[in-house]
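# An overview of the molecular structure
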Amino acid sequence: MGNLDWNLPALAVLSIGMLCGGCLLAPSPEGSPAEPSLGANVSGPETELNSPVNVSAFDLNRYPELKARLEAYRAIEASRRQDYLPGEIFQYLPPFPRDFYWVKTMVELGMLTDINAIPSEYYKQPELYPRFESTGVDLMLHPPVGRFGAWGFGTYPSEVLLTAKVNETTGVETDTYVIFHTSWLVETYQGLKLDAAYPDSGRMLVNQFSDGTRGVAQNSSDASRYFEAEFFSAESNCSRGNYSAADGRCVWASPGGAECYAAYNETTQACSFTPSPSPDIMLLEPAFPVFQYGWAQKVGLRLKVKPNTPKGKYLVTVSVSSPPKEIRDKWLLEYKLLYTSSTTFGADVPWFNVFVEVQ
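Since this is a predicted model, take the numbers as computed values, not measurements.

For the rest of this paragraph, the subject is the overall build of the protein chain. Looking only at helices and strands, the protein chain features six helices and 20 strands. The proportion of buried residues among the 359 residues of the protein chain is 46%. Counting only carbon and sulfur atoms, one obtains 52% of the accessible surface of the protein chain, whose full area is about 16,900 Å².

As a further point, take the pattern of salt bridges. For the structure on display, the rule yields twelve salt bridges. Here Lys193 makes a salt bridge to Asp280, at a shortest N to O gap of 3.4 Å. Residue Lys193 is found in strand E9 (residues 189–197), and its partner Asp280 is found in the loop between strand E15 (270–272) and strand E16 (281–284); the two are separated by 87 residues along the sequence. Of the charged contacts in the structure, one is a salt bridge between Glu228 and Lys306, with a shortest N-O distance of 3.8 Å. With Glu228 in strand E12 (residues 227–233) and Lys306 in the loop between strand E17 (296–305) and strand E18 (312–321), the pair connects residues that are 78 residues apart, well separated along the chain. Since its relative accessible area comes to 30%, Lys306 is described here as partly exposed. Each of the salt bridges in this network shares a partner with another, and the network as a whole consists of Glu173, Asp175 and Arg302.

Mapped onto the elements of the fold, Ala287 is located in the loop between E16 and E17. Overall, the relative accessible area of 0% leaves Ala287 in the buried class. Placed 104 residues apart in sequence, Ala287 and Ser183 show a C-alpha to C-alpha distance of 6.8 Å. Excluding residues within four positions of it along the chain, Ala287 makes contact with Met140, Thr182, Ser183, Val186 and Trp295.

Of the two faces of strand E6 (residues 153–156), the one holding Phe153 and Thr155 and the one holding Gly154 and Tyr156 are both buried throughout. Both E6 and strand E8 (residues 172–182) contribute to a ladder of four bridges, which runs antiparallel. Counterpart to Thr155 in the pairing with E8 is Phe180.

Along the chain, Asn353 falls in strand E20 (residues 352–358). A relative accessible area of 15% places Asn353 in the buried class. In contact with Asn353, other than residues within four places in its own chain, are Ser158, Glu159, Val160, Leu315, Val316 and Thr317.

Moving on, we get to the packing of aromatic side chains. Counted according to the given criterion, the structure contains 21 aromatic pairs. Judged by centre distance (6.4 Å) and plane angle (10°), the rings of Phe100 and Tyr122 are stacked. On the criterion of sequence distance, the pair formed by Phe100 in helix H2 (residues 100–108) and Tyr122 in helix H3 (residues 120–123) is long-range, its members being 22 residues apart. Here Phe100 and Tyr122 have matching classes, each one buried.

Definitions and cut-offs
- Residues numbered from 1 in each chain as written.
- Predicted model: local features only at pLDDT ≥ 70, side-chain atom pairs only at ≥ 80, totals over all residues.
- Heavy atoms only, no water.
- Helix = DSSP H or I, 4+ residues; strand = E, 2+ residues; numbered from the N terminus.
- Buried < 20%, exposed > 50% of the residue type's maximum accessible area, 1.4 Å probe, protein only.
- Areas by Shrake-Rupley, 256 points an atom, 1.4 Å probe, with all protein chains shown as cover.
- Salt bridge = Lys/Arg side-chain N within 4 Å of Asp/Glu carboxyl O.
- Contact = heavy atoms within 4.5 Å.
- Pairing = 2+ DSSP bridges.
- Phe/Tyr/Trp six-rings, centres within 6.5 Å; stacked < 30°, edge-to-face > 60°.

Encoded structure:
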């Protein structure tokens with residue numbers, strides 16, 4: 001094993017498609033109450049929804065500049081989902097974490113860069129992703145009349161930068177993670193197959209190499225010999241459950257002890273959270289009109305930088321294609337007109353970019 005450092009930006013790639021009378025439109029640009037957990041000396045009755053938390057006897061009104069900054073970071077607000085949408089929309093997601101906005105802020109500031117350290121209780125919440133509260137909420141409140149969200153997904157983050165130290169006998173192996181999520185308003189089950197590739201060139205949007213540059217120009221054939229890429233699942237291992245008419249929900253326990261959430265599917269009349277048949281194949285669930293548990297899923301990429309790899313700058317990308325026909329047919333029979341594959345979009349588009357500087 002060698003040494004490896006990595007950084008990632010808080011960026012997302014988002015695509016959404018709508019159908020209107022058979023016409024496919026172009027992609028557009030993109031809880032439960034919890035006890036307050038900030039600071040010391042928190043006392044008194046439970047705060048009302050979205051009300052400020054009295055973290056101490058310190059009078060912030062005497063320091064308006066500091067108060068404004070804390071409010072901007074939502075640091076003096078209880079981490080509770082605002083009531084901008086009906087609660088039913090989020091009913092199949094994990095409970096809203098009490099420190100959610102702390103974690104969200106740390107991700108946005110680049111303090112928390114390990115996506116694998118973010119549990120499903122956080123990345124299943126749509127508020128974690130850019131533009132949900134500023135754009136997504138309004139779209140869900142006012143969906144286009146007479147149109148159907150046919151396809152669309154995004155990734156978070158969009159790029160990661162690795163620094164690998166290798167020599168003639170020692171290589172590097174590391175795991176990196178990306179979250180695929182359904183776009184707002186999309187009502188279908190989307191089948192995706194993930195493919196690793198080594199394009200001839202690419203450019204970082206936020207990160208930069210040690211010499212200040214952002215671009216990569218490589219020989220695709222050579223790069224494919226220096227690296228090995230393998231996908232692995234980072235999702236909970238949930239088997240299919242049975243619908244309980246008593247509570248109107250599909251909830252069951254995973255083998256690992258974590259609770260899994262899923263929605264009752266009127267089309268299949270079953271609890272829907274379909275495990276992936278292989279780590280490189282994914283079934284994203286709908287995000288509208290209700291967020292289903294599988295609307296956001298984490299996947300891992302195990303990357304091996306082989307010994308004797310020449311020093312330089314490299315790029316490994318993750319693109320999306322359609323699953324094999326036998327899997328498409330299985331999901332089509334299961335989800336009927338609610339199933340779609342990535343055959344009409346996403347091909348040859350790098351949804352996740354892994355930049356590597358070999359030193």
